[in-house]
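One letter stands for each residue in the lines below.
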Amino acid sequence: MAEMTGGQALVQSLKREGITTVFGLPGVQLDWAFDALYEERESIRVVHTRHEQATAYMADGYARTTGDVGTCLVVPGPGLLNATAGLSTAYACSSPVLCVTGQIQSDLIGVGRGVLHEIPEQLRMIGSVTKWAARAMGPAEIPGVVREAFRQLRTGRPRPVEIEVPPDILQATADVTLLDPAPISR
């Protein structure tokens, strides 16, 4: 167990699962995730894209050409909505794509105040183009959510999965226990 930010817990968990490339588009909701990715720049390459649709398509193409999980990182709301075209293609073509998405501040989810990039029921919406989706609501929850995402990616029919983490959770620090990678079984 070590004290780390939610962003560090996310990146360390991705690293443990073998992720070496992330296609991402920075945004204010993801600052702490990108800070943690910068800390691991020798281990995880970040390909900065110009549009979320390209981000998801690049992750899909990466998954198809390498056989590894393609990982994309997008802001919530309109960013995730833009990524759904690539996620839909990955879904139809059975590509193992992990979409990591920001969220609005945790205490404002479901309140309907119209915060930047807020869309109602984001998790429910993304369910139509993913096999599984979940939200982490504390730094210590992140390793378990990431591990389950990879279990979903590595069992049964490959399809995209989505994880969302609010920015205040990415920034918060807590004692976090990193987990061993999800087992690979088909």
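First things first, this report covers the structure right here in the doc.

About the cut-offs
Residues numbered from 1 in each chain as written. Predicted model: local features only at pLDDT ≥ 70, side-chain atom pairs only at ≥ 80, totals over all residues. Heavy atoms only, no water. Helix = DSSP H or I, 4+ residues; strand = E, 2+ residues; numbered from the N terminus. Rg over C-alpha atoms; globule rule 2.2 N^0.38 Å. Buried < 20%, exposed > 50% of the residue type's maximum accessible area, 1.4 Å probe, protein only. Phe/Tyr/Trp six-rings, centres within 6.5 Å; stacked < 30°, edge-to-face > 60°. Lys NZ or Arg CZ within 6 Å of the ring centre and 35° of its normal.

### Looking at the overall build of the protein chain
Here is step 1 of the chain: The secondary structure content of the protein chain amounts to seven helices and eight strands.
Here is step 2 of the chain: Computed over the C-alpha atoms, the radius of gyration of the protein chain is 15 Å, within 12% of the 16 Å expected from 2.2 N^0.38 for a compact globule of 186 residues.
Here is step 3 of the chain: Expressed as lengths along the three principal axes of its C-alpha atoms, the size of the protein chain is roughly 35 × 35 × 30 Å.
Here is step 4 of the chain: Buried residues in the protein chain amount to 53% of all 186 residues.

### What to know about the packing of aromatic side chains
Here is step 1 of the chain: In the structure shown here, the tally under the stated rule is one aromatic pair.
Here is step 2 of the chain: Taken together, a centroid distance of 5.7 Å and an interplanar angle of 65 degrees make the contact between phenylalanine 23 and tyrosine 62 edge-to-face. Within this pair, whereas phenylalanine 23 is found in strand β2 (residues 21–24), its partner tyrosine 62 is found in helix α3 (residues 52–66), the two being separated by 39 residues in sequence. When sorted by exposure, phenylalanine 23 lands in the same class as tyrosine 62, which is buried.
Here is step 3 of the chain: One residue, arginine 41, lies across the ring of tyrosine 38, its end atom 4.0 Å from the ring centre.
Here is step 4 of the chain: Across from the ring centre of tyrosine 91, 3.7 Å away, lies the NZ or CZ of arginine 159, which sits over that ring.

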